[in-house]
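Summary of the model geometry
So the chains spell out like this:
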Amino acid sequence: MAGLDGWRHLHLESIDSTNTEAMRRASDGDPGNLWITAGEQTAGKARRGRDWVSEQGNLYSSLLIFDVGETAMLATLPLVIALALHKAIIACAPVREDQLKIKWPNDLLLNGKKLSGILLETTADKSGRQAVIIGCGVNCAHFPDNPLYPATSLHAEGVIVQPDDLFQHYAKQMAETLKSWNRGAGFANIRREWLARATGIGEAVTARFDDAEIVGTFQDMDAEGRLVLTDAEGAEHRISAADIFFGTSSGLGA
Ligand code: BTN
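No experiment lies behind these values; they were computed from the predicted model shown. (Residues numbered from 1 in each chain as written. Predicted model: local features only at pLDDT ≥ 70, side-chain atom pairs only at ≥ 80, totals over all residues. Heavy atoms only, no water.)

1. Considerations on the overall build of the protein chain
What counts here: To qualify as a helix, a DSSP run of H or I must reach at least 4 residues; to qualify as a strand, a run of E must reach at least 2; elements of each kind are numbered from the N terminus. To get the radius of gyration, use the C-alpha atoms; to get the globule rule, take the number of residues to the power 0.38 and multiply by 2.2 Å. Exposed residues in this analysis have more than 50% of their type's maximum accessible area, buried residues have under 20%, and partly exposed residues fall in between, with area computed by a 1.4 Å probe over protein chains only. What makes two residues a contact is simply this: any of their non-hydrogen atoms within 4.5 Å. The method behind every accessible area is Shrake-Rupley, applied with a 1.4 Å probe, and residues are considered shielded solely by the protein chains displayed. Residues counted as positive are Lys and Arg, residues counted as negative are Asp and Glu, and His and the chain ends are not counted. A charged residue contributes its charge at one atom only: NZ of Lys, CZ of Arg, CG of Asp or CD of Glu.
On a plain count of helices and strands, the protein chain comes out with five helices and 14 strands. Relative to its length of 254 residues, the protein chain is compact, with a C-alpha radius of gyration of 18 Å against a globular reference of 18 Å. Overall size of the protein chain, expressed as C-alpha extent along the three principal axes, is 55 × 40 × 30 Å. Residues counted as buried form 51% of the 254 residues belonging to the protein chain. Of all intrachain contacts in the protein chain linking residues separated by at least 6 positions in sequence, the fraction that spans at least 24 positions is 65%. Surface accessibility of the protein chain: about 11,300 Å² in total, with carbon and sulfur atoms responsible for 49%. Computed over 24 positive and 33 negative side-chain charges, the separation of the two mean positions in the protein chain equals 4 Å.

2. Details of helix H4 (residues 163-181)
Test applied: For a helix, the expected span equals 1.5 Å multiplied by the number of residues minus one.
If you check H4, its first and last C-alpha atoms are 25 Å apart, about what 19 residues at 1.5 Å a residue would give, namely 27 Å. Restricting attention to buried positions, one finds in H4 the residues Pro-163, Leu-166, Phe-167, Tyr-170, Ala-171, Gln-173, Met-174, Thr-177, Leu-178 and Trp-181. Directly beyond the C-terminal end of H4, a positive phi value near 55° is found at Asn-182.

3. Notes on the site of the ligand
Selection rule: Residues are labelled near a given molecule or strand when at least one of their non-hydrogen atoms is within 4 Å of it. We define a polar contact as two N or O atoms separated by no more than 3.5 Å, with the added condition that, inside protein, one atom must be a possible hydrogen donor and the other a possible acceptor, whereas residues neighbouring each other in sequence contribute only through side-chain atom pairs. Residues are grouped as follows: nonpolar covers Ala, Val, Leu, Ile, Met, Phe, Trp, Tyr, Cys and Pro; charged covers Asp, Glu, Lys and Arg; every other residue, Gly included, is treated as polar.
What surrounds the ligand is a group of 19 residues, the closest being Ser-17, Gln-41, Lys-45, Arg-47 and Lys-114. Separating a nitrogen atom of the ligand from a side-chain N or O atom of Gln-41 is a distance of 2.9 Å. Measuring from an oxygen atom of the ligand, one finds a backbone N or O atom of Arg-47 at 2.8 Å. Coverage of the ligand by the protein amounts to 98% of the 420 Å² it exposes when considered alone. Here the residues of the shell around the ligand sort into six nonpolar, 10 polar and three charged.

4. Looking at the pairing of strand S6 (residues 107-110)
The cut-off we apply is this: Paired strands, as defined in this entry, are two strands with at least two bridges between them according to DSSP.
Of the two faces of S6, the one lined by Asp-107 and Leu-109 and the one lined by Leu-108 and Leu-110 are each fully buried. By the bridge criterion, four bridges tie strand S5 (residues 100-103) to S6 in an arrangement that is antiparallel. Directly across from Lys-101, in S6, lies its bridge partner Leu-109. What sits between the antiparallel neighbours S5 and S6 is a turn of three residues. Of the strand pairs in this sheet, S6 and strand S7 (residues 113-114) are connected by two bridges, and their pairing is antiparallel. Each residue of the ladder has a partner; that of Leu-109, found in S7, is Lys-114. Once S6 ends, the chain turns through two residues before running back antiparallel as S7, passing Asn-111 with a positive phi of about 50°.

5. Here we look at the packing of aromatic side chains
Put simply, the rule is: Between the rings of Phe, Tyr and Trp (Trp by its six-membered ring), a pair exists once the centres lie within 6.5 Å; its type follows the angle of the planes, with under 30 degrees stacked, over 60 edge-to-face, and the other angles tilted.
Scanning the model with the defined rule gives three aromatic pairs in all. Here the aromatic rings of Trp-35 and Phe-167 are separated by 5.2 Å at their centres, their planes lie at 85°, and the arrangement is edge-to-face. With a gap of 132 residues between them, Trp-35 in strand S3 (residues 34-41) and Phe-167 in helix H4 connect regions that are remote in the sequence. Owing to a relative accessible area of 1%, Trp-35 belongs among the buried residues under this scheme. The class of Phe-167 is buried, set by a relative accessible area of 1%. An angle of 65° between the planes, with centres 5.3 Å apart, marks the rings of Trp-35 and Tyr-170 as edge-to-face.

6. A look at the sheet that holds S5
An order of S5-S6-S7 is seen for the three strands of this open sheet, with the pairing classed as antiparallel. Unpaired on one side and paired on the other, S5 and S7 mark the two borders of the sheet.

7. Observations regarding helix H5 (residues 187-196)
Short version of the rule: Working definition: the arc comes from the directions between the helix axis and the C-beta atoms, pointing outward to the latter.
Among the residues of H5, Phe-187, Ile-190 and Trp-194 are the ones counted as buried. All buried residues of H5 lie within an arc of 55° about the axis, which places them on one face of the element. Opposite the packed face of H5, turned more than 90 degrees from it, sit the exposed residues Ala-188, Arg-192 and Ala-196. On its buried face, H5 sits against helix H2 (71-74), helix H3 (77-92), S5, H4 and strand S11 (213-221).

8. Focus on unusual backbone geometry
In this chain, Trp-104 is followed by Pro-105 through a cis amide linkage whose omega measures -5°. Within the chain, Arg-183 stands out as a residue other than glycine whose phi angle is a positive 55°. Examined against the element boundaries, Arg-183 turns out to sit in the loop between H4 and H5.

9. Some details on the side chain of Thr-18
Inspection of the secondary structure puts Thr-18 in helix H1 (residues 18-27). Excluding residues within four positions of it along the chain, Thr-18 makes contact with Ile-36, Thr-37, Ala-38, Gln-41, Tyr-60, Ser-61 and Ser-62.

Structure follows, in structure tokens:
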């Protein structure tokens, strides 16, 4: 297990899911501040119970942390992670800021296509302390044939970056950005930096929920990390969780 500025790092060649492994370790009493990376995942997890295809060549990482702060501020954590990952990629890859954008809340789009995904999970250790697991996958070499949103990889866009090199930059940016977030107290600064890198503000978006959609204009991301959308009647909606599509249709039917 290697050290990384006070954080621990465990690299595994193959695992079912780095998030699942982090949850197991939290339950088994790991003290946290632990990074887990894997060469491949055999049961990678995406949001909403979907699978995350996890062949060799991409970055698969999970960070296990405790005492993250108030539950209300936890909702802003995905935006913190997206910002750190954006900075990490810009720092280690020949990618321009205008090519790499954050799609609310935490996907990175490279040339308009999905490059990465973040999955936050929580669990409790034996004493009931809340553990937060921050899973992050970046398509360095491969990308799935994604039916939900067009995807890409760094490689497919002409950018060669090794997963481990990207991980070193990402872990460094995460340490800095988590510090500046300060368990939510510093979210105002994070919000400003996030907005400067966001895509779609002022544009038509469709927010898709399990059984409904809202179509409107993406106005802002608010002080609680919610997407602010106004619909055709001028009604304002503050959205905490949804799949977001640009334009007036998710392309999936109602
Ligand atoms: C999404 O966009 O739906 C989120 C995908 C998150 C994938 C990462 S890969 C590392 C970590 N381990 C998992 O099983 N999932 C996350």
